[in-house]
Structure formats: C-alpha cells, structure tokens
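A look at the structure
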Amino acid sequence: MKEKSVLEMRGIYKSFPGVRALQNVDFTLEEGEIHALMGENGAGKSTLIKVLTGVYEKDEGQIFLKGLNKPAVIHSPQDAQNLGISTVYQEITLCPNLTVAENMYIGRTKGFGTNWRKMNAGAAKILKDLDIPADATQQLSSYSIAIQQMVAIARAVDMDCKVLILDEPTSSLDDSEVEKLFKMMRDLKAKGVGIIFVTHFLEQVYAVCDKITVLRDGQLVGQYEIENLPRIQLVAKMLGKELNDEEEIKDDSLVYQGADADKNVFEAEGLQSNAGIKPFNFHIKKGEVNGFAGLLGSGRSECVRAIFGADKVIAGKVKMKGKDVKISKPIDAMKLGIAYLSESRKDDGLVGDLSVRDNIILAQQVLRGFFRPYSKSEAYKIADEYIKLLEIKTASADTPIKSLSGGNQQKCIIARWLLTHPDYLILDEPTRGIDIGTKVEIQKLVLKLASEGMSVTFISSETDEMLRTCSRLVVMRDRKVVGEISGSELTQSNIMGTIAGGDKK
Amino acid sequence: MATSSKTAAAAKQTKKKVSLSDQNLLLVITIVIFLVMYLGAIIFLGGGFRNAQNLFNILMQQSALIITACGMSLVMITGGIDISVGGVVALVCMSCAVCLDYMGGNVPLSILVALGIGLAYGVVQGFLVAYLEIQPFIISLAGMFFARGMTTIVHSQPFNVENEAFAALKNTRIIVPGMGNTNRLGNYVDAYINIGVIIALLVVILLFVMLRWTKLGRAFYAVGGNSQSALMLGINVKRTKFIAHLMCSLLAGVAGYAFFLYVGSGSPSHASGMEMDAIASSIIGGTLLTGGVGNIIGTFVGVLSLSTIQNIVSSIGLDDAWWTGITVAAMLCLFLIIQSVVTSRKKD
Amino acid sequence: MQKSGTKSKSSAGQFFAELTRKPIFIPIVALLLLAIFNLVMDPGFYAIALNHNSEGYPVLSGSLITILDNGSELAILAIGMTLVTAASGGQDISVGAAVAIAGSVILRVLCGTETQPESLQAPVIVAFLLACVVAMLFGAFNGALVAFFRIQPMVATLILYTAGRNIAAWINQNRLPIVSEPSFGYFGGTIPGIPIPTPFFIAVICVAIIALVLKFTTLGLYVQSVGINENSARLNGLNPKLIKILTFVILGLCVAVVGLIKVSRISTINYSVVAKDIEMDAILAVALGGNSLAGGKFNMAGSIMGAYTIQFLTTTLYKYNVPSEALPAYKAVVVIVLVVLSAPVVKARLGALGKKLSSKKNTAKEVG
C-alpha cells in the first residue's frame, strides 16, 4: 500500500448470473482527495461501491485500508461502517417510519440502550450546523425526498469515517443544496477524509473533484488527474469511442412526405395529472418526432404518463386526430392508437418471468380482447417476425425475457408496441442502460418509423440523442413546460440555456 | 393570562396533531375506540361493567392472549407473521399436563418444559424465516399444524391436572387493594387477579421498554420499515428477524403456561383460533401488517377491546355463539381498512 | 472413446437437470416415492374390490378409490387457489370456512326452516346456483380487500376465516338440517349403476372447464402478467384489480362445488368440522405442483397432480393407523421439507455445492 492511500482495491471481480459486472478492477483513493468514479449506466460503478460497502460479496480481489496490515474483510454494511467507510446511496436508504434523529444514529451507537434525549440533541445540532430544515424528532417520511437525502448525508458525514462514498447523492437536490453539499465535502477533504463521488453531472465533477477513475463495461479504463482530462475526452473514455461515431444519422430522405404531414395527430390542452405537474399544452403532427427535454425529475415522464393515462388525469382536454377523446386509463389510450414505452423497463415494462413471445404479444393481445387469444402458432409467428425485424438476440421465443441483455429486453418491449401498429408512439428513455450499438439502432428505427408516418415522442437524458432524432423539443423545468425549441434553434447550448432558465446566449 | 396560556396550549396541541406519526395516530384511534366502548358499556349496560373485577376477569381470561399478542406484535413490527402461537399454547398445556400427572414431574420442571417448547419452536422457525428466507406465513402455518398434531400425539384425550402443588399455584389469588366492591348482601368483596395477569403485565412492560429504549427494539422497527435500508444502515437484518421470531415463540411458550395456569388442563382443542385473535388484537392495537409500525401498549388495548366487544355482544342478548366470531371479524375488517387508508394517505 | 462416454453422461445429466427444473417434476417424484413405498410395504394397498352397497348397486372400494374420491375435492379447490396465488402472490385461507357457508346455503334452500323435511323445498340445482352466487360474493369481498385496500391476501382472508363458520351456523340458526332425499347423496357418493365415486367425475368436469377457459381465453396470460409485474400489466391496458378479484371469484365458484360435495356426502353439515383445514391442503397442493407461492407463473396440471398426491399421502398415513388428529403433524413435516428444498437460498447453496462437487470430479478425472 502506498503511503498516502486510505483505500486500495486490487483485482476485483464480481459476476451475477449471466453478467460479468466487474473484471479485474483496481481503485486507489488517497487521503484528502475527492475522487470521481465515472462510467455509463451498467459500467460497474454501483457494483464496485456495493462490493466496497459489503452489500455484495466480491468473487475475487483484495481490499486494503489504511491502518490495517492485512486485507480488509467486509461481509456486510456493518463491517464497512466499523472500518470507517460510510456511504450515501442514490436511492434513499433510510427507514421512513423512524424519526430523523434515529435515522442518523441507528446502527452505529455503542451499548445496549437508546438514549433519546442525547440522540435528539446531537441530531438537532448536526442539522443546525449543516443548515438542514428538519426537526430531529419528526418521522422521516414527513419530509421531502431532498431533505431525506440531506439527512442521509448528515448521517454519513457525522460518522468518524476515513472513506466517504457519495453515490449520486445530488439527483434530488437543488442548486443551493448541492452547494451546501460541496462545502461539506471540501471541509471533510481538509480533514483528510477520502471521498468517492459518483454523479452523472459533469459540471459537478469539474467543480469539486481532484481525480477521475473511469469504468466501462465492468473494466477499468484508467485513473486521471482532473486537469489532464478535459470533458470531451472524459466522455469519449466513458463511451469508449470518439464522439462523432454516431453523429450523422439524421437524413433528410427520412422525413415523412405525406399530404397530411401538418395535421395534428394528438393535441392536449391544460393537461394535468395527480403526479404533481403543472397543466401543459402539447401537440404532435403526423410523422413528426418531438421530445421532452429537461433534467431528471423535471416532469418529462409525468407529462407523457398523463398523455397515456398512466397517472390519474385530473384536468385538461385531449384530442386525437382532431376528435375530442377521453383518456383515463392506459387501455383508452391504446384503443386510440397510442403506445407508451415506459421509463423504467424493469418496474413498468417487462413481465420478467414470461417468455419473449408472451412479452411481445401482450399489448396487442389485450387490445384483441379476453375471448380472442392468439393461438400458439400465431404467437410464435408474430414473435419470430419481430425477433428478426428488430434483430433481437435470444435463444428462442420461449426464453424468459429476464434472461436477455438490457438492449434486447428493450427491443422486445419496442416490438410489443410496434405490434399494436400505433399512430402515436411514446418512447420514454428507450436508450437507458443499454449498449451503444442498440442505442443507435433504436434512434435509426425512430426516424424510419416517422418517415413512414408514425408520430413519435422521444425522451432521453442524453441531449445529443434528442438533437439527432427530434425536430422539436418541449423543455421542462420544475415540473412545468418552460419553452419549445425547433428548427435551426435546436442546439445543445440553446437547450441547456432553456433548461437552466438563464438568458439565452 | 389564563386565556393566553390556554391558546398556547391549544396551539401546541394543533401543532402536535399535524405532525402525528402513523404510529401515534393508529394508537390514538385504538385507545379512543376502546374508551368509548367501555364507557358506553358502563353507561348503557351498567351491571358488571361498573365493577373493577369485570376488568380483572377480562385480564385473567385473556392473560395468555395478551402474551401471545405481544409476541405477535414483535414479529409483525419486523414485517413477519407467526400463526403457530395457538398451536404452541395447546402443545405446552398438554405437555405440561402430561409432565405433571403422568410422568411424575413437578412445577419447576413443567415450567422448563413450557419454555423449552417455545425455545425450540423459536429456533427452528426463526432460522427458516431469517436465514433461509422462507415466507413466515407458510413456515408458521406448518408449525401450527405440527403443534396441533403433536398435541394429540402427546396425549389424545383432554384431562384435568390433579397435581397438588400446581393446583395451589393455579388458585393463588392476588388481592388488589381498594378496587373491591360490595356485593348484594352488603359484604365487601376484594378484587383479585391471578399469577397469569402478573406475568402478562410484566411482559407488556418489559416489551414496551425493550421496543422503546433498546437498540434491539429500534432495530425491529428499522427492519420492518425497510429491511434493505436497515441493512445499509448497518443493522444485522437476519439476526434481528431471527430474534423476533425466537421471542415470539418463546412468549407463546410463556403464554402456554399462563393458559395452563388458568384452565388447569390439557386438551387438543385448547387455544383454538388464538393465533387469529392475537393477530386481530395486534392489528386493532395499531400494528401495521406491512411492518415498521406498532406499539405494545396498543396491542394490550387491542386485546382488551376485543374481549370487551365480546362481553358487550353477549350482554346485550346476542347470546348465539356465532355473533362473537362475526363481530370480531367485522372489527378486524374495519381496522384493516383504516390501516390501509392511513398508509396510502402518506403516499399521496 | 472415453471422451464420447463422458459426453453422453453429461448430456444425460443435462437432461436430468432440465427435468428437475420442470415444475411438474416435484409432484411426480413425490407421487412415485409414495407409490413405491406402498408397493414395498404392502402391495395390498393397490387392491380394488367390487362390492355392493346397501341398496345393492355395485361400488368399487379400495385405497386408490378413496384417493380419487377425496382427492377430487382438493383438486377442485386447487384450481381456484392456483389462480389466486398466481395473480396476488398470496393465498386464501378462508376456503374451509367458505365451504361451510356454501354448504349451509344449500341446506337452507333445500330444507327451508325445517330440520328434516319430507320433501325438498327447492330443486338441488337452485340451491347449488344460490350457493355459487353466495360463495362468489364472498370471493369478491376477499378480492376487493386485496385489490382495493392492498391488504395481503392471507390477512384479508383472515376476516372470513374468523367469521365464516359463524356465518354458516347463523344461516341455519345452528340447526342441523338433514336431507332425506336419496338422490341428493349422489354428488358426494355414487350414482346407482356407476361404481366410481361421483366427486371424481365432478373434478374431471371442473378440470375440463378450466382447461378450455385457459385455452380459449387469455385468462392465463393476464393472471400471470398481473402476478409477475402489476405495473407493467396496467400499462399494457390490463386492469390488475379486476383480474385479482376475478381470481377470487373463480375460487368462490370452486368453493361452492366443494360445498355441494361436502354436504351431499353426509346429507347434513357440521359447521365447525366440515372442510376443516382444507385450506392448508389446497395451498400445499399449489406448492407441491411446483408453483411459486409468491405468485407469477403457474402450472395448473401441477396443482391438480399435487392435490391427488396429498390425498395419496393422507390415505397412506391412515393406512398405517395414524389418527386423523395427528395427521397434521406429519403433513407439516412434508410441507417444511418441501418449502426448504424449494427456497431460493437453499437452491443457490445446493447449486453451488453441486458445482463444486462436479468441478472437483472433473479435476480428479483430469489428474487421473
């Protein structure tokens, strides 16, 4: 172990059934540094962190910690805590039914009993020091997600730790809260704590970090000093290729030329759902590809969910092909020719244990009705057709969909909705967590479908994907539509400017 | 001055009301319903309800149920369930009865038998649930059937215990000073309780303290609230679940002895349906089925509510046996729906 | 030469591994084990005799006939229980109590308010249909608690479990009506001239109906989709709440059929004993059939096989003079062994162990 390191991970391997999540990964953290751990979804960041914190057991490799002569043995989060590793996870890992103070102290106090007075006083002091507007004695679930996340951070910071891991802690925080967090991080750094920082926001990396380690496909790409790695190169390293690889897939021949090209397929006025978005207006023309842009949590998904009737619609008028219609549940939308690929593939899309075949026919089967099931041979024929069409890699149509890779799962879900032959297709983050090749395939498919007259709404966290596919973008901020950009104004900086809400440059 | 302090108090109260946690809200609902019920019974039915002895009779009758319900609450707080407790109570009664009358055992030995059965149940069920991650309902369902079957294998016919030392213990009355009343002849009759009540009250107090002021108790709540988070917060989730099931079964053993002390006999049909009464009491007492929320005092009040409503049903002339079962089920249904509404309210 | 030998061995192993993964593997193996056990211990177990009953009609008797007879009730309940389990990931523990209610309704309609009427007050079919409606309503009540209030099925059905037998007693005001009409006994006994017990035919009809329903409607796909991923099912246009309630209603129908068989067997009813603990056996049949008790994919044939397997076990235990009150203890042991073996944690451990052993074997071979 080197003199200044607080943590060294050597030759870490970890695999799950069917997936090699980590292969021979090394990681070194020195004291008093803020170290960014970067990589795309599925690159292995979270797995590496969970190995370090004892949530997963590593298959091979060794972990060394400062002050320990032999490799550290970490079998549980408790072991990690005792060794001075504290963690804030992306999802809030606190207990909503306990009080704020308890959440800050549980699992790390000595002795047999619980001293409420001391605990509440201690918690109140930390909350005050960190300027968190929460009452220590209240039930945690009575506070917003952002405050809960701050409480989680407060807990981690208060622990006498050598290594602090922050796994995407900022996704639910606003700018001033992020600033507070950065101040905390700098204070801890001055005290010699090593901090591992995982985030998707590049600005934040360059604002606080000293070093960057990049992972890709479960393997180590390299470790870099921040000043030696400009943004553009960082992105290239994360993606594993030069940026302009997938640049020009937009092709003018792929534009719908029909006579009804300027007719609205779908229109909404003052649409509002119970998911907390402000009423919004929206329309899409035949053969058009448009999208919702905005940060995570800005209300993009909630808008399309409202269109599809996935959340409870509480206000607004909707027209389909010029006719007034009512959409109160998904089946209404499906009958009108709307299809919706949901944001979370695992939670809202897949029916994991069912076969590829059943997953593909599901939506169309529901439309056909209860008493008209597809026969086995019909179902096989359809499934095989779409497996071929979308080049889905699966052993057979009978394979359970959960054993396919993310990209192929996503293709099955797309096949499911294409089978319903919709007039209006909504794709909410279709490219999340899948390999780059499939991403390009999906984008090409979207443009092809649009050229054949289908209207598509395409949402992605990666702005350049939307720039490449959409001809018009609706921009969201704080659960409100704040602008619309189309034509020649569609540039990265324009979108960023509108999202941020500052003056356009 | 007086008014200002009054408004201040009122303001404080409203503030508290706004921030009432699920835990307290459910507890308050339970206690209010119980008080309304009991006061209503005193006012409209009078008679026996006016005497403190009536309450003590309920306690004596239900001491075993109080203990099993407390154990059930522990398991439910961690997000589990244990429906083997009624079977364990019957098995304990029969085993102790056989131990005393046929095997020449004495009272301390019979107590050891009771605790041993509870412990063995706890270890096996706890291990299967916590470490092999099998659904607690299935395991304890099998446990219940095993206990019922074993009871008849131990001894197939019901019989009364004739051991003298035991009879003395069974008939021990503890006078509660100052709570007695005058009977029709004008003589003062002392109010009394038995040993089972003392055990039950001790269990209630001990568990209340444990849940509130020990790390283990708080770990129960954390595991029930979100076991994944609890793991991340550094709690040994498996061990916590194991201990909860262990304690529940051990308490079922204790309850078995309390029941044995009350009835003084062994029978395969003893305590039939007690597991359901225990679950119902816990739910009525504000323990959430989904785990993480619950209170031993609530459970205690839950048992009292359940018995009171049975008392009321029979004293207003609905003597037919089926009314008791139907009212209990209706009450359970009501509380389940209240819980469902309270928990979904939070999500909106 | 040697190479090909190991290859065929491994493919045989593979075949075996594949077989063990099939859900119906467990009930078949259990049934075989029981069958062999009985064959070794006492081949007389399989003897079937043709006797004549008190009215002079031929009836078959023997252990196998008993299994067909009693196992049929269980098989009918297992149909509904499988669907409920698949859709809601929980089990209905109130079926025994609901059977009591259905039986009580039938007797109430047939006997009116008399205890032993000379003639039936209404045709059997009317009584049965009314029992179906009542049982389906109680099923819908259970289903609504599960679907709308999101109460775990086992706890939601606890309400009816507690109240059911009391309601059954209340329907007939605790009287024990006796049906004297002999034809009423056909449903649970035998029809004159046909030596095989009627419940078996009723079960065959029920199985045929559910097979047709599964083939000619999308019930199977819908139920499995809801059980595996409720959100996905909803976003694909299904109404998960309705489907969950539907499964409970179907179970209600099964309950009514079993209620008819139960009261027909003795031409009267014992509220506290009729169909006692049958829920345990029905749940066990589902588990034995290789279905996950956490819901999702289901295998109807497995459950039905499972039901007869359990009856096989019960009859075997009776054969060895196990008193009926002690029976649950033995069954409980079987349940625990089954759930322990099918627990994911245990499976993973065993799998790892198997891998270790086989890799050790391989290395040993290489060295050799």
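Residue and element names in this part refer to chain A. Taking strand neighbours across the sheet as the criterion, the six strands line up as β15-β16-β17-β12-β18-β19 in an open arrangement whose pairing is mixed. The open sheet terminates on both sides in strands that have one partner only, identified here as β15 (338-341) and β19 (480-486). Strand-to-strand twist in this sheet, taken as the mean axis angle between neighbours without regard to direction, amounts to 15°. Bridge count for strand β16 (residues 424-428) against strand β17 (residues 455-459) is five bridges, and the pairing is parallel. Bridging across to β17, L425 finds its partner in V456.

Here the focus is the pattern of salt bridges. All chains considered together, the criterion is met by 32 salt bridges over all chains. For the salt bridge of E484 of chain A with R472 of chain A, the shortest nitrogen-to-oxygen distance reads 3.0 Å. In this pair, E484 of chain A is assigned in strand β19 and R472 of chain A in strand β18 (residues 472-477), connecting sequence segments twelve residues apart. Linked through salt bridges whose partners overlap, the residues forming this network are D69, E73, K262 and R265 of chain C.

Residue and element names in this part refer to chain C. Side chains of I28, L32, I36, F37, L39, V40, M41 and Y320 sit close together on the surface and give an oily, nonpolar patch of about 770 Å² of accessible area. With respect to the secondary-structure elements, I28 resides in helix α2 (residues 25-41). On the basis of relative accessibility, which here comes to 36%, the residue I28 falls in the partly exposed class.

Think of a pair of aromatic rings as described by two things: how far the centres are apart, and how the planes are tilted against each other in angle. Going through the model one piece at a time under the given rule, you end up with 22 aromatic pairs over all chains. Arranged with centres 6.4 Å apart and planes meeting at 50°, the rings of F266 of chain A and F282 of chain A form a pair that is tilted. Here F266 of chain A, found in strand β10 (residues 264-273), pairs with F282 of chain A, found in strand β11 (residues 280-285); they are 16 residues apart in sequence, far enough to count as distant. F282 of chain A shares its class with F266 of chain A; the two are buried. Clustering of aromatic rings is evident, with ring pairs tying together F266, F280, F282, F292 and Y424 of chain A. The cationic tip of R368 of chain A hangs over the ring face of Y374 of chain A; the distance from NZ or CZ to the ring centre is 4.0 Å. Here R212 of chain B stacks its cationic end above the ring of W116 of chain A, 4.1 Å away from the centre of that ring.

Analysis parameters
Residues numbered from 1 in each chain as written. Chains lettered and ligands numbered in written order. Predicted model: local features only at pLDDT ≥ 70, side-chain atom pairs only at ≥ 80, totals over all residues. Heavy atoms only, no water. Pairing = 2+ DSSP bridges. Helix = DSSP H or I, 4+ residues; strand = E, 2+ residues; numbered from the N terminus. Axes fitted to C-alpha atoms, helices over the stretch in contact; angles between N-to-C directions. Salt bridge = Lys/Arg side-chain N within 4 Å of Asp/Glu carboxyl O. Patch = residues over 30% accessible without salt bridge, like charges linked within 9 Å, V, L, I, M, F, W, Y side chains within 5 Å. Areas by Shrake-Rupley, 256 points an atom, 1.4 Å probe, with all protein chains shown as cover. Buried < 20%, exposed > 50% of the residue type's maximum accessible area, 1.4 Å probe, protein only. Phe/Tyr/Trp six-rings, centres within 6.5 Å; stacked < 30°, edge-to-face > 60°. Lys NZ or Arg CZ within 6 Å of the ring centre and 35° of its normal.

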